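If you want the building blocks of each chain, they are given just below.
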Amino acid sequence: MRLTDPVTEIKGVGQKTAALLEKAGIGTVEELLKYYPRDYKVYGSPLSVDDSSFDDKGSAAYRVHVTAQAKLAGRGRLKMVILSLPSISGNVQAIWYNMPYVRNQLVPGTTIILYGRLCRKRGRRVLEHPEILSEEKYAERLGGLWPIYSLTAGLSQNMLSKLLDQVFAENVLMQDLLPSALRRQYDLAEYNYAVRQIHFPDSHEDYLMARKRLVFDEFFEFILSMRMMKTRSGLSPNYFPVEDFSGGRALISALPYQLTEAQAKVVEEIRQDLSGPTMMNRLIQGDVGSGKTVIAAIAMAAVVRAGWQACMMAPTEVLAEQHFDKLSALFEPLGIHVILLTGSSTAAQKRKIYEKISSHAADIIIGTQALFQEKVVYDKLGLIVTDEQHRFGVHQRELLMKKGVSEKAHVLVMSATPIPRTLAMIVYGDMDISVVDQKPAGRQPIKNSVVGIEYRPAAYRFIEKQVRMGHQAYVICPMVEANEEIDAENVIDYSEKLKRALPQDIVVTYLHGKMKPAEKNDIMNRFVKGEIQVLVSTTVVEVGVDVANATVMMIENAERFGLSQLHQLRGRVGRSDSQSYCIFIYGMAGAKIKERLEIMRTSNDGFKIASEDMRLRGPGDMFGLRQSGDLNFSLGDIIADSETLMLASDAADKVMASGDYPDPDANQALRAMAERFIYKESHVMTL
Ligand code: ADP
Ligand code: MG
């Protein structure tokens, strides 16, 4: 078996399984090996249900003595097997849905191990869908970590583990690009060992070593290719000098407010860049709500007045649409023509849009990645703005370079994730960095509360009160729809629940990323216009959405989100001079969860939150939380893995500094790898 073989070469994989794997992006043996687990089950010493007071232990094993026959309950299609677990505090149940056959495994008089997450449901403690294991079987697993993969329909955990097992049994070796001297220097595991251990760790230590190695590779590849590109392109001369900043000034005078000092300072930096001897390549970092959009708008106005086009790319259609609406209103009175281009424009619309772009009938083009499709030909593209840069894949910047546009246009990227400066210098090493460290005047700090689900009725009354004052609210749920395996709120059921809990005249609607673009836009527009008062949404609204009239952000299952993400979500409110509120609701409350949420309660400062996040989450945090999202590395997290990031940066510097590091052959191989990375197709996150 070779790495490049199609998965059908693996025994037992027919066309049908291959098609399922294909959907998960797995076509070859190598792609299967690189399909890393998203989390692990940790098989620790079994607990007793008695010492499971309501303190979330995550998934855990419980030793249970089966005293009585399990009951079969439920109506219609939903059949449940319920096993009562004797406990001093009473009322603990294990429940399986639509699996009547599990009763055979629950023999009265025997002792078994149930592995699952104990949660609270309607005042009861419930183990939902636990795995059933004999004591002997569990003893074999004790201390081990079992992989959990992201699955697409039709695939199962077992299937993936089995396939991987088979591949490992064949001992297909992959070439380790890092020579042993370099590995020793940075304390990195061998590559084949790492890939094997990331799937099937022998121990927690092995897992950490494996992860460190693979994260290192990911960072190293990225950093090295960035450094190579920087050297290659050098500093391109300024093809689009903007000597006269009057376009920018015209926009500033048309604004209904004064720029903050921080905004004015960044505008000045941009003015100097645009008129300077080389092309601008600048990152604007600023906390949510610091007013980055208008800075980009000023730059675009200046470039357009000088006779060129400018474009602005957003990671979601929802956001592109919003920028289009807001910016057209600003630009059109100045005689600057703006158009919108997204993936969901129809073919006929696109033809017209392309025509307007190439004929320069459009000055400013706002859109998603559709802005850089083959067919789009700009007349004179002088400035490319990327909003929420961190939400695009790591290949984003390369993609632009590959298209040959970024060397020949000024580049301005905006990011709201405040990462510590040392890390920003590594990840954005090729750019100048500006920081907007001030919010518009008159913003009141958001008031936060962290509460359990029993607080919901009070929260609903509070939302009602705010709506009666003319405001609007967001409610965030982690899931789109109900899922038997994951005990978390979903937008569809939740919006029904909320409609019943609130008076009928309050309009409640839901929004999620899987809806059709036109539907999403329609809902966002109605929310912007105030026709919808309460928007129950997934995190699609996390990035950039700006509805100043919204004053309440309520986040269900707040324990499931990363701190930076919670901060971004909270940033959707507090965008006007009205007092805003953020209610974090936790569905589970362990000490660690409380500590994390306490940070959110006591701080509204994105930088502080990012560094606390870094303190709390060591490398390889296995809480299964979404990572900080920066640049979407598949395994690495620039905050939690910051130490590895620095090592990778150091190694990349050395490779760049000398053709003999770590040795001449390896140096060549590493440069070639970075080269391939540059030209890899971009994996851009779609929401
Ligand atoms: P972000 O930095 O999160 O992208 P936005 O650019 O969306 O923030 O700005 C947040 C809100 O603040 C917008 O409604 C914008 O119009 C407003 N805003 C921006 N700058 C100022 C200012 N100097 N004074 C008052 N409001 C401002
Ligand atoms: Mg923004």
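Residues numbered from 1 in each chain as written. Chains lettered and ligands numbered in written order. Predicted model: local features only at pLDDT ≥ 70, side-chain atom pairs only at ≥ 80, totals over all residues. Heavy atoms only, no water.

A few points about the overall build of the protein chain
Argument step 1. Counting its regular elements, the protein chain contains 22 helices and 22 strands.
Argument step 2. Over its C-alpha atoms the protein chain spans a radius of gyration of 27 Å, differing by no more than 12% from the 26 Å that the globule rule assigns to 687 residues.
Argument step 3. Along the longest, intermediate and shortest principal axes, the C-alpha atoms of the protein chain span 85 × 70 × 45 Å.
Argument step 4. For the protein chain, with 687 residues in total, the buried portion stands at 55%.
Argument step 5. For the protein chain, the exposed area adds up to about 29800 Å²; of that, 51% sits on carbon and sulfur atoms.
Argument step 6. Taken together, the 82 basic and 83 acidic charged side chains of the protein chain have centroids lying 5 Å from each other. (Helix = DSSP H or I, 4+ residues; strand = E, 2+ residues; numbered from the N terminus. Rg over C-alpha atoms; globule rule 2.2 N^0.38 Å. Buried < 20%, exposed > 50% of the residue type's maximum accessible area, 1.4 Å probe, protein only. Areas by Shrake-Rupley, 256 points an atom, 1.4 Å probe, with all protein chains shown as cover. Lys, Arg positive; Asp, Glu negative; His and termini not counted. Charge placed at Lys NZ, Arg CZ, Asp CG, Glu CD.)

Remarks on the pattern of salt bridges
Argument step 1. Evaluated as defined, the whole model comprises 25 salt bridges.
Argument step 2. In this structure, Arg271 engages Glu268 in a salt bridge whose closest nitrogen and oxygen atoms are separated by 2.9 Å. With a gap of three residues between them, Arg271 and Glu268 both fall in helix 9 (residues 261-275), about one helical turn apart.
Argument step 3. A residue is classified by how much of its surface remains accessible, and Glu268, at 32% relative accessible area, is partly exposed.
Argument step 4. Of the charged contacts in the structure, one is a salt bridge between Glu269 and Arg282, with a shortest N-O distance of 3.8 Å. Residue Glu269 is found in helix 9, and its partner Arg282 is found in strand 10 (residues 281-286); the two are separated by 13 residues along the sequence. (Salt bridge = Lys/Arg side-chain N within 4 Å of Asp/Glu carboxyl O.)

Looking at the environment of Ser345
Argument step 1. Tracing the backbone through its elements, the reader meets Ser345 in the loop between strand 12 (338-341) and helix 12 (347-358).
Argument step 2. Classification of Ser345 by relative accessible area gives buried; the value is 12%.
Argument step 3. Remark: the alpha-carbon pair of Ser345 and Tyr257, spanning 88 residues in sequence, is separated by 34 Å.
Argument step 4. Residues in contact with Ser345, not counting those within four places in the same chain, are Lys350 and Ile353. (Contact = heavy atoms within 4.5 Å.)

With respect to the domain arrangement of the protein chain
Argument step 1. When cut into domains, the protein chain gives domain 1 (1-41 + 150-173), domain 2 (44-142), domain 3 (246-436) and domain 4 (447-603).
Argument step 2. The straight-line distance from the C-alpha centre of domain 1 to that of domain 2 is 31 Å. (Domains from an automatic or database assignment.)

Topic: the site of ligand 1
Argument step 1. Around ligand 1, the structure places 16 residues, and the nearest of them are Gln258, Gly289, Lys292, Thr293 and Arg443.
Argument step 2. In this structure, Thr293 approaches ligand 1 through a side-chain N or O atom, which is 2.6 Å from an oxygen atom.
Argument step 3. The separation between an oxygen atom of ligand 1 and a polar side-chain atom of Asp546 is 2.8 Å.
Argument step 4. Within the complex, the protein chains bury 85% of what would otherwise be the 560 Å² of accessible surface of ligand 1.
Argument step 5. Broken down by class, the residue content of the shell around ligand 1 amounts to four nonpolar, seven polar and five charged. (Near = heavy atom within 4 Å. Polar contact = N/O pair within 3.5 Å; in protein donor to acceptor, adjacent residues only side chain to side chain. Nonpolar A, V, L, I, M, F, W, Y, C, P; charged D, E, K, R; others polar.)

Considering the nonpolar core
Argument step 1. In this structure, Leu33, Phe216, Phe220 and Leu224 are the most contacted members of the largest nonpolar core, which totals 72 residues.
Argument step 2. Here the element with the most residues in this core is helix 7 (residues 204-233); it accounts for 13 residues.
Argument step 3. Summarising the domain contributions, this core has at least three residues from each of domain 1 (1-41 + 150-173) and domain 3 (246-436). (Core = buried A, V, L, I, M, F, W, Y, C linked by side-chain atoms within 4.5 Å.)

Thoughts on helix 22 (residues 664-678)
Since one α-helical turn is 3.6 residues long, residues separated by three or four positions face the same way.
Argument step 1. Taking 1.5 Å per residue as the helical rise, helix 22 with its 15 residues ought to reach 21 Å, and the 21 Å between its terminal C-alpha atoms agrees with that figure.
Argument step 2. Looking at helix 22, one finds that the buried residues are Ala666, Asn667, Leu670, Met673, Ala674, Phe677 and Ile678. Angularly, the buried residues of helix 22 cover 145 degrees about the axis, an arc narrow enough to put them on a single face. Across helix 22 from its buried face, at more than 90 degrees, point the exposed residues Asp665, Gln668 and Arg676.
Argument step 3. N-cap assignment for helix 22: the residue whose side-chain oxygen lies 3.1 Å from the backbone N of Asp665 is Asp663. (Expected span 1.5 Å × (residues − 1). Arc of directions from axis to C-beta.)

Brief notes about the sheet that holds strand 13 (residues 364-367)
Argument step 1. Pairing is parallel across the open sheet formed by seven strands, whose spatial order is 12-13-11-14-15-10-16. The sheet is open, and its two borders are formed by strand 12 and strand 16 (432-436), each paired with just one other strand. The mean inter-strand angle of the sheet, taken between neighbouring strand axes irrespective of direction, is 20 degrees.
Argument step 2. Direction of pairing for strand 11 (residues 309-313) relative to strand 13: parallel, over a ladder of four bridges. Note that in strand 13 the partner of Cys311 across the bridge is Ile365.
Argument step 3. Relative to the sheet, helix 9 contacts strand 10, strand 15 (410-415) and strand 16, its axis offset from that of strand 16 by approximately 155 degrees.
Argument step 4. In this fold helix 11 (residues 317-331) packs onto strand 11, strand 12 and strand 13, with an angle of close to 170 degrees to the strand it touches most, strand 12. (Pairing = 2+ DSSP bridges. Axes fitted to C-alpha atoms, helices over the stretch in contact; angles between N-to-C directions.)

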